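Structural overview for review
Spelled out, the chains give:
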Amino acid sequence: MDIGIDLGTANTLLYVRGQGIVLNEPSVVAVKEGAGTALAVGTEAKQTIGRTPGSITAIRPLRDGVISDYEAAEEMIRHFVRKAVPGRRPRTRMVVCVPSGVTPVERRAIVHAAQRAGARSVHLVEEPMAAAIGAGLPVADPRGSMVVDIGGGTSEVAVISLGGIVTSQSLRVGGDRLDEAITNFVRKEHGLLIGERTAEDIKLAIGSAWPVPGDDALESRTFTVRGREKVRGLPKTVELTVREVRAALDEPVEAIIAAVHSTLEECPPELSGDVMEHGIVLTGGGALLPALDLRMASATGIPVFVADNPLDSVALGCGKCVEDFDALERVMSAA
C-alpha cells in the first residue's frame with residue numbers, strides 16, 4: 001500500500017493511492033505525564049490546547065516544518081496511518097513532503113519516524129515541488145513556474161523548470177508566526193494575554209494583508225477578544241479592528257514578500273520572463289489571507305494568483321507522486 005503524507009506544522013494530510021485524501025487533522029498530540037502513549041491525537045488533541053490540567057500536555061510535534069518532538073511525531077504518524085487505513089495492512093511505501101530548507105539531520109529524523117511508524121520505504125519530496133504539482137503547474141516543461149507555499153511553520157518560495165527547483169527560499173515564517181504576531185500585538189497594545197487558539201480565530205475572522213478594494217463591510221468589522229489582563233490578572237474584553245490586526249500582521253507578511261524578492265533576484269533572466277508572463281501561484285493555508293495576492297502583486301509588479309485548492313495543494317501533489325512512482329523518481333533525480 002502506498003501513502004502520501006503532507007506532514008505539516010499545523011495539519012497533517014494523508015493521501016492513499018487509489019482513494020485520494022482520506023485524512024486531514026491537526027498535528028497535535030495530547031500526552032499524560034509519565035505515560036508511554038498518547039491520550040489523544042489530531043482533532044481531539046487540538047481541543048485540549050490551553051485547557052489541559054498540569055498532568056496533561058498538548059504537544060505539537062513539528063515546529064517550523066520539522067520534527068521537534070521525535071516520539072510524539074512517531075506516535076502521531078502511526079495513529080493517522082491506522083485511522084486512514086484500518087485493519088491489517090502490509091508495510092507501506094510512504095512519500096513525505098518536507099520543507100526545501102531542512103538539514104540532512106532533519107531529513108533523517110523524518111525518515112526514521114516514518115519507518116518506525118510502519119513504512120517499508122520512505123521517499124521525501126520538497127514541499128514547493130509538491131505544491132506546484134498539486135496546483136497544476138507545468139513543472140516538467142522548459143518554462144519557469146513560481147510557487148509560494150505558505151504553511152503553518154514555513155513559507156516555501158521556488159522557481160521550477162524541467163522537473164527541478166532552479167532557485168528557492170525556505171523561510172521559517174508561516175501561519176504560526178502570524179498568530180504569534182497577533183498575540184504580541186494584543187499584549188503590547190491592550191495589555192491582554194490571549195492563547196494561540198484565540199489568535200488564530202482573530203486572524204481567520206478579520207485578518208488581511210491589505211485593504212480589500214470595494215469591501216467596506218470588511219474594513220468596518222471588529223472582533224471581541226476575551227483574555228486575561230496582563231497587570232492585574234483579571235478577565236478582560238477588548239474590541240479589535242481590522243486595521244489593528246493588519247498592522248499586527250505587517251512584519252511577517254513583509255518577510256514573506258522579501259523572500260519572494262530574493263528568489264526573483266536569483267532567478268535566471270529567461271525564467272524571470274516566464275514568471276512575469278504567467279505569474280506567481282500562492283498555495284497553503286496562508287494563501288487564504290485576504291488581499292495577500294494583491295499586496296504581493298503590488299510589491300513585485302507580477303500577477304499573483306491563489307491556487308484553486310490551496311489548503312490541499314501539497315497533499316495533492318504528494319498524491320500524484322504516489323499514484324505515479326515514475327514521476328516521483330524523476331522529481332527525486334532532479335532534486
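As the structure is a computational prediction, the values presented were derived from the model and not from experiment.

Calculation rules
- Residues numbered from 1 in each chain as written.
- Predicted model: local features only at pLDDT ≥ 70, side-chain atom pairs only at ≥ 80, totals over all residues.
- Heavy atoms only, no water.
- Helix = DSSP H or I, 4+ residues; strand = E, 2+ residues; numbered from the N terminus.
- Rg over C-alpha atoms; globule rule 2.2 N^0.38 Å.
- Buried < 20%, exposed > 50% of the residue type's maximum accessible area, 1.4 Å probe, protein only.
- Contact = heavy atoms within 4.5 Å.
- Areas by Shrake-Rupley, 256 points an atom, 1.4 Å probe, with all protein chains shown as cover.
- Lys, Arg positive; Asp, Glu negative; His and termini not counted.
- Charge placed at Lys NZ, Arg CZ, Asp CG, Glu CD.
- Disulfide = S-S within 2.5 Å.
- Pairing = 2+ DSSP bridges.
- Axes fitted to C-alpha atoms, helices over the stretch in contact; angles between N-to-C directions.

Quick look at the overall build of the protein chain now. The helix and strand tally for the protein chain stands at 12 helices and 18 strands. Relative to its length of 335 residues, the protein chain is compact, with a C-alpha radius of gyration of 20 Å against a globular reference of 20 Å. A principal-axis box enclosing the C-alpha atoms of the protein chain has dimensions of 60 × 55 × 30 Å. Burial status across the protein chain gives 50% buried among its 335 residues. Considering only contacts in the protein chain between residues 6 or more positions apart, those separated by 24 or more positions represent 63%. If you sum the accessible surface of the protein chain, you get close to 15,100 Å²; carbon and sulfur atoms cover 50% of it. Here the protein chain carries 35 positive and 44 negative side-chain charges, and the mean point of each set is 8 Å from the other.

The next subject is the state of the cysteines. With the rule as written, the count across this model stands at zero disulfides. Here C321 is not cross-linked by a disulfide; its sulfur's nearest cysteine counterpart is in C318, at 6.3 Å. The class for C321 is buried, based on a relative accessible area of 1%.

This part takes up helix α4 (residues 127–134). The element α4 is largely enclosed, with a buried count of eight among its eight residues. Here α4 has its buried residues at E127, P128, M129, A130, A131, A132, I133 and G134. Positive phi shows up at G136, right after α4, with a value of about 85 degrees.

Bringing the sheet that holds strand β5 (residues 38–41) into the picture now. Judged by pairing direction, the sheet is antiparallel, and its three strands sit side by side in the order β5-β4-β6 without closing on themselves. The outermost strands of the open sheet, each flanked by one partner alone, are β5 and β6 (56–59). Strand-to-strand twist in this sheet, taken as the mean axis angle between neighbours without regard to direction, amounts to 20 degrees. Two elements, strand β4 (residues 29–32) and β6, share four bridges in a ladder whose sense is antiparallel. Counted as the bridge partner of V31 is T57 from β6. Relative to the sheet, helix α2 (residues 70–84) contacts β4, β5 and β6, its axis offset from that of β5 by approximately 60 degrees.

Such coordinate-based values are descriptive only and should not be taken to indicate function.
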